[in-house]
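Coordinate inspection notes
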Amino acid sequence: MGCCGSAEVSDAGRDKPEWKPLEDRSCTDLPWFLLFTLFLVGMCGICGFTIMTGGAARLVFGYDSYGNTCGQRNEPIEGVRLSGLDHTDRKFVFFLDPCNIDIIQRKIKSMALCVSQCPTEELATYHDLKRFAMINGSELCSYELPGHKYPQLPERFEKCPKLPVPESNALPVFNRCTPVDISCYAKFAEAVVTFVSDNSMLNRLIAGVAASKEIIVGLCLLALVLSMILMVIIRYISAVLVWILTALVVLGSLGGTSVLWWLYIDYRMTMNETMTKDLRETEEPIDDMKTIKDHAQGLLIYAVSATVFTGILLLLMLFMRKRVALTIALFHVAGKVFIHLPLLALQPFYTFLALSLFWVYWIMVLLFLGTTGNPEKNEDTGLVEFRLTGALQYMTWYHAVGLIWISEFILACQQMTVAGAVVTYYFTRDKTKLPVTPILSSVLRLVRYHLGTVAKGSFIITLVKIPRLILMYIHNQLKGKENACARCMLKTCICCLWCLEKCLNYLNQNAYAATAINSTNFCTSARDAFMILVENALRVATINTVGDFVLFLGKVKWSSMCLFAFLVAHCFLSIFEIVVDVLFLCFAIDTKYNNGTPGREFYMDKLVDFSRGKNSHKAGFLCTLIKLLSTFHIVSQIM
């Protein structure tokens, strides 16, 4: 993006990246930090615009069908009668027909008035409306109708509330008169029930959550506790898990291949017997002979493919056995990291809190935008609506982009914080000299030096996510209308963008780790990290394949009874996954520039096998194939 060119200039004359862990620290990607700051100013500007133009006030205090905001003095609107009224004493919004709900647009299709008091009892006749107006001073018909003449006026059928007027209470903060009897919203509830009933899966999900909410909360807390325990004890059970997994994969492959060959041979023998019998009984050609041969050929293809796959898998297991041991060692060290840095386990809490606060703010401003803009009279209903026109309508799109970019920025900050803490732990030889609060130190380094890098990485993800979301929206809107070819193309594009997003997420995570190590900008860090990963492609393939599956088993183990418990386990064990990935990058750099001799001692624990596995590279063509497959695995982290 912006700094790629500057990265090449700053790195000119440097053929190979120089890794100097924690030695120098400087600001990275400053232009992107300034750009992100300007973007945030724009987001705040949108909020300020909605407040200054009255959108926030109209949302909170409400407004009537003539464009007047309740509870304050208003300016006249050109071309709109009964606008510009003084509603200082009329602080509540009252709908003449609160039950007339537009289910599709999700709004009340009724004239709204500002009143001084909501009806505290049911009003069945126009005489009741007159009495309520005389006693309480709250006129529930249109402003031009005098309250003492309600029963006699011919306009009462159009400009007075629909009878009977239900008893209402004012909503806290938002000052809307809402009927006490919720049966008024029967149509809306019926639509919701119909939707839920039509979607059997959603129906079962909602029913299950409603019936077992206490159990779900308990399981989520249990999953939280067990996940945190697993992150500590996995260092002791990782060897057992990994080798059991390896044995199951090998036995499963052998068994599946054997079954396919057995099915093929059995089908072939049965086919030959059937063909011989039919030829003896009739001289006519068998019509379905081609179908039978196609079935046999299909089984043969599956059997041969499974045999090739099993052969490659066995060779990979043979040549990668030392790298499986490296995965076990990294899991062991990752467990030690959580013992020294226990607050790492709380990172999902902080991230969720930050995301929640931002999402609440974003939704609030979005609601403000819904009541901001120029007043326009709806020719169909005669009611005044506020709409953004001209260039102002792009504020909604700007706000939508902000939702994605800032959310990705918060998630990237978590990755950089975890990476910084793990890097500090790894490259500190004497663990007793670790900072008192390594995580806080990592946060401070992030805020002081690397916010620009995080902003750039999250922006790249945003660029990929936006078109994917747009295509998903188009796909949903055209569901059942588009032809098969268009549907296939849309799904293909969505899948490709999703794959690209996953690849970039993986590369971004390693770029953040490289920035935490060497304090280089995003482009340089991404390049250096990618080169290190390619040089250690076999190890990357082993760690990501075996390690991720072990963590997946951990998630399933603690959440087999509840989807929500799985989400909790996923959040916390994902932190463990980040720690393992950062540890591997540190290990790869460590073994590249150190050899264990005096003055060039390794940083990693002695439990890790530092052998580069050079003997495995003597396998010639096979090892070259493995290398290519493993390099491809780096790019295909989507799986």
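Residues numbered from 1 in each chain as written. Predicted model: local features only at pLDDT ≥ 70, side-chain atom pairs only at ≥ 80, totals over all residues. Heavy atoms only, no water.

For the protein, the name recorded in an unreviewed UniProt entry is Choline transporter-like protein, with Cyprinus carpio as its organism. Per UniProt, the protein carries the Sequence similarities (unreviewed entry) text "Belongs to the CTL (choline transporter-like) family." Regarding the protein, the relevant UniProt record gives this comment under Function (unreviewed entry): "Choline transporter." (UniProt positions renumbered as here; feature names shortened; annotations may be inferred.)

Helix and strand content of the protein: 18 helices and eight strands. In the protein, buried positions account for 43% of the 639 residues. Per element, the accessible surface of the protein, about 34,300 Å² overall, is 66% carbon and sulfur. (Helix = DSSP H or I, 4+ residues; strand = E, 2+ residues; numbered from the N terminus. Buried < 20%, exposed > 50% of the residue type's maximum accessible area, 1.4 Å probe, protein only. Areas by Shrake-Rupley, 256 points an atom, 1.4 Å probe, with all protein chains shown as cover.)

Attention now moves to the confidence of the model for the protein. The share of residues in the protein with pLDDT of 70 or more is 69%, and the mean pLDDT across the chain is 76. Across residues 1–16, where pLDDT falls below 50, the model places 24 contacts with residues more than four positions away in sequence or in other chains. (pLDDT = per-residue confidence, 0-100. Contact = heavy atoms within 4.5 Å.)

Here the structure, examined in full by the defined rule, presents eleven salt bridges. Here Glu-121 makes a salt bridge to Arg-131, at a shortest N to O gap of 3.4 Å. With Glu-121 in the loop between strand 4 (112–115) and helix 4 (126–136) and Arg-131 in helix 4, this residue pair connects regions lying ten residues apart in the sequence. Residue Arg-131 is classed as partly exposed on the basis of its relative accessible area, which comes to 37%. Here Glu-385 and Arg-387 are joined by a salt bridge, their closest N and O atoms 2.7 Å apart. On the basis of relative accessible area, Glu-385 is assigned to the buried category, the value being 17%. Classification of Arg-387 by relative accessible area gives partly exposed; the value is 40%. The network of salt bridges with common partners includes Glu-408, Lys-465, Arg-468 and Glu-501. (Salt bridge = Lys/Arg side-chain N within 4 Å of Asp/Glu carboxyl O.)

Note that soluble globular proteins tend to have their nonpolar side chains buried in a common cluster. Ranked by internal contacts, the top residues of the largest apolar core, which has 70 residues, are Val-337, Leu-344, Val-422, Val-579, Val-582 and Leu-583. Sort the elements by how many residues they give to this core and helix 12 (residues 394–426) lands first, with 14 residues. With residues up to four places along the chain from it excluded, the contact list for Val-422 reads Val-337, Leu-344, Val-579, Val-582 and Leu-583. If you look at the next biggest cluster of nonpolar residues, it comprises 28 residues, including Val-80, Leu-113, Tyr-126 and Leu-129. (Core = buried A, V, L, I, M, F, W, Y, C linked by side-chain atoms within 4.5 Å.)

On to a nonpolar patch on the surface, then. Taken together, Leu-300, Val-304, Val-308 and Ile-312 make up a surface patch of nonpolar side chains, about 280 Å² in accessible area. Tracing the backbone through its elements, the reader meets Val-304 in helix 9 (residues 289–319). Exposure remark for Val-304: the relative accessible area of 40% places this residue in the partly exposed category. (Patch = residues over 30% accessible without salt bridge, like charges linked within 9 Å, V, L, I, M, F, W, Y side chains within 5 Å.)

Right, let's get into the packing of aromatic side chains. Summed over the entire model, instances satisfying the criterion amount to 13 aromatic pairs. Ring centres of Tyr-512 and Phe-522 lie 6.4 Å apart, and the angle between their planes is 55°; this geometry places the pair in the tilted category. A residue pair is termed long-range when its members are at least 10 positions apart, and Tyr-512 in helix 14 (residues 484–518) and Phe-522 in helix 15 (residues 522–535) qualify at ten residues. The exposure class of Tyr-512 is buried, given its relative accessible area of 1%. Members of the aromatic cluster, joined through ring pairs, are Trp-32, Phe-36, Phe-39, Tyr-398, Trp-405, Phe-409 and Phe-459. Cation over ring: Arg-58 sits above Phe-386, and NZ or CZ is 3.9 Å from the ring centre. (Phe/Tyr/Trp six-rings, centres within 6.5 Å; stacked < 30°, edge-to-face > 60°. Lys NZ or Arg CZ within 6 Å of the ring centre and 35° of its normal.)

Turning our attention to the UniProt feature "transmembrane region" (unreviewed entry) in the protein. Annotation from UniProt places "transmembrane region" (unreviewed entry) at residues 30–51, 215–234, 240–265, 299–319, 325–345, 352–370, 403–427 and 562–585. Within residues 30–51, the helical portion is 100% and the strand portion 0%, while the C-alpha atoms at the span's ends are 32 Å from each other. As a span, residues 352–370 carries 100% helix and 0% strand, and end to end its C-alpha atoms are 27 Å apart.

To continue, consider the side chain of Gln-509. Along the polypeptide, Gln-509 turns up in helix 14. Looking at Gln-509, the relative accessible area reads 11%, which means it is buried.

Let us now look at the state of the cysteines. Using the criterion set out here, one finds three disulfides in the structure. A sulfur-sulfur separation of 1.9 Å characterises the disulfide bridge that pairs Cys-118 with Cys-177. The disulfide joining Cys-118 to Cys-177 has a torsion of about -80° about its S-S bond and is therefore left-handed. A residue pair is termed long-range when its members are at least 10 positions apart, and Cys-118 in the loop between strand 4 and helix 4 and Cys-177 in strand 6 (residues 177–179) qualify at 59 residues. Each member of the pair, Cys-118 as well as Cys-177, carries the same accessibility label: buried. Across a sulfur-sulfur distance of 2.0 Å, Cys-141 and Cys-160 are joined as a disulfide pair. Residues Cys-141 and Cys-160 share a disulfide whose torsion about the S-S bond is about 115°; that sign makes it right-handed. (Disulfide = S-S within 2.5 Å.)

As a further point, take unusual backbone geometry. Along the chain, Leu-163 connects to Pro-164 via a cis peptide bond; the corresponding omega equals -5°. Note that Pro-164 resides in the loop between helix 5 (156–159) and strand 5 (168–170). The phi dihedral of Asp-29 falls on the positive side, at around 55°, and the residue is not glycine. For Asp-29, the location among the structural elements is in the loop between helix 1 (4–10) and helix 2 (30–52). One non-glycine residue, Asn-175, adopts positive backbone phi at about 55°. Within the secondary structure, Asn-175 sits in the loop between strand 5 and strand 6.

Bringing helix 4 into the picture now. Of all the positions in helix 4, only Tyr-126, Asp-128, Leu-129, Phe-132 and Ala-133 are classed as buried. The buried residues of helix 4 all sit within an arc of 155° when viewed along its axis, so they share a single face. Turned more than 90 degrees from where helix 4 packs its buried face, His-127 and Ile-135 sit exposed. Next to the buried residues of helix 4 lie helix 5. Remark: Gly-137 follows helix 4 within two positions and exhibits a positive phi of approximately 70°. (Arc of directions from axis to C-beta.)

Positionally, Glu-535 belongs in helix 15. Along the primary structure Glu-535 and Lys-592 are separated by 57 residues, whereas in three dimensions their C-alpha atoms are 9.6 Å apart.

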